[in-house]
Amino acid sequence: MLNPAWCPKSPKCIVALCLRVSFGLSLLFVGLAHYLTISAFRGMVSDGLGAVSLLGSLWAYIMPALMIIGGALLVADKRRDIEAWATGLALGSIPAGMLLKSVIGGLSLADTMPAAINAFVWILVYGLVVKMSCCGSGACDKTGTTTM
């Protein structure tokens, strides 16, 4: 049976690979979807930011790029430092930005909390992806078997 060198053999490493690739693709696709609807997305991001709405409009172009870069690097399992910065900034900016709208834009927490909580779920899953990742973390040796 064909078993490439990158294909893990232990159940933990198989699940970690599937989770990493699935999450990375999801992040990449969300970033692409934001660009496909950039006008509406830009309006949603800048709405409720008051005096800093121009910064929100600019961030609406940067955040999807960070998601695409982070997702692609996560799938490729390359440059995990750049991937972590891109993904962390993109996902971390969502709850911060949404809750900022309640402080400076006068939006109700009832309107901003659902999006903030949703983003925190993404951040928690991302933390799980990083924690479970076999490659480069020492959790699995080169044969894909657990060394812990």
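Predicted model, so just to flag it, every value in this text is computed and none were measured.

Could you clarify how one ought to interpret the overall build of the chain in this entry?
Across its full length, the chain carries five helices and zero strands. Scanning the chain from its N terminus toward the C terminus, one meets helices and strands in the order α-α-α-α-α. The proportion of buried residues among the 148 residues of the chain is 33%. Long-range pairs, those at least 24 residues apart, make up 64% of the contacts in the chain with a sequence separation of at least 6. When the accessible surface of the chain is split by element, carbon and sulfur atoms take 75% of a total near 8,500 Å².

How do you make sense of the pattern of salt bridges when you look at a structure like this?
Where charged atoms from two side chains of opposite charge come close, those side chains can pair. Here the structure, examined in full by the defined rule, presents three salt bridges. Linking Asp-77 and Arg-80 is a salt bridge whose minimum nitrogen-to-oxygen distance equals 3.0 Å. A salt bridge links Asp-81 to Arg-79; its shortest N-O distance comes to 2.8 Å. Since its relative accessible area comes to 49%, Arg-79 is described here as partly exposed. Here the salt bridges do not stand alone but share partners, grouping Asp-77, Arg-80 and Glu-83 into one network.

I would appreciate a short explanation of helix α4 (residues 80-104) in the present structure.
Note: α-helices contain 3.6 residues per turn, so residues at a spacing of three or four share the same orientation. In this model α4 runs 35 Å from its N-terminal to its C-terminal C-alpha over 25 residues, within 8% of the 36 Å that 1.5 Å per residue would give. Where α4 is buried, its residues meet α1 (11-36), α2 (38-46), α3 (53-76) and α5 (109-132). Directly after α4, the chain includes Gly-106, whose backbone phi takes a positive value near 75°.

Could you clarify how one ought to interpret the nonpolar core in this entry?
As a rule of thumb, nonpolar side chains are buried together in soluble globular proteins. Within the largest apolar cluster, 15 residues are counted, with the highest numbers of intra-cluster contacts made by Phe-23, Phe-41, Met-67 and Leu-91. Within the residue set of this core, elements represented by two or more residues are α1, α2, α3, α4 and α5. Among residues more than four places away in sequence, those in contact with Phe-41 are His-34, Ala-60, Met-63 and Pro-64.

I would appreciate a short explanation of the environment of Asp-111 in the present structure.
Mapped onto the elements of the fold, Asp-111 is located in helix α5. Take Asp-111: its relative accessible area is 53%, and that puts it in the exposed class. Sequence spacing of Asp-111 and Met-98 is 13 residues, and the spatial spacing of their C-alpha atoms is 8.9 Å.

Looking at this structure, how should I read a nonpolar patch on the surface?
Taken together, Tyr-35, Val-52, Leu-55, Leu-58, Tyr-61, Ile-62, Leu-100, Val-103 and Ile-104 make up a surface patch of nonpolar side chains, about 780 Å² in accessible area. Among the secondary structure elements, those contributing two or more residues to the nonpolar patch are α3 and α4. No other element matches α3, which puts four residues into the nonpolar patch.

What should I look at first to understand the packing of aromatic side chains in this one?
Tallied over the full model, the rule gives two aromatic pairs. Plain terms: the ring middles of Phe-23 and Tyr-126 are 5.8 Å apart, the flat faces sit at 20° to each other, and that makes the pair stacked. You can see Phe-23 sitting in helix α1 and its partner Tyr-126 sitting in helix α5, a full 103 residues away along the chain. Accessibility assignment for this pair places Phe-23 and Tyr-126 in one class, buried.

What is the right way to look at the side chain of Ser-102 in this model?
Tracing the backbone through its elements, the reader meets Ser-102 in helix α4. Within the structure, Ser-102 has its side chain in polar contact with the backbone oxygen of Leu-107 (distance 3.1 Å). Within the structure, the side chain of Ser-102 is placed 2.7 Å from the side chain of Thr-112, a separation counted as a polar contact.

Each value, and the rule that gives it
Residues numbered from 1 in each chain as written. Predicted model: local features only at pLDDT ≥ 70, side-chain atom pairs only at ≥ 80, totals over all residues. Heavy atoms only, no water. Helix = DSSP H or I, 4+ residues; strand = E, 2+ residues; numbered from the N terminus. Buried < 20%, exposed > 50% of the residue type's maximum accessible area, 1.4 Å probe, protein only. Contact = heavy atoms within 4.5 Å. Areas by Shrake-Rupley, 256 points an atom, 1.4 Å probe, with all protein chains shown as cover. Salt bridge = Lys/Arg side-chain N within 4 Å of Asp/Glu carboxyl O. Expected span 1.5 Å × (residues − 1). Core = buried A, V, L, I, M, F, W, Y, C linked by side-chain atoms within 4.5 Å. Patch = residues over 30% accessible without salt bridge, like charges linked within 9 Å, V, L, I, M, F, W, Y side chains within 5 Å. Phe/Tyr/Trp six-rings, centres within 6.5 Å; stacked < 30°, edge-to-face > 60°. Polar contact = N/O pair within 3.5 Å; in protein donor to acceptor, adjacent residues only side chain to side chain.

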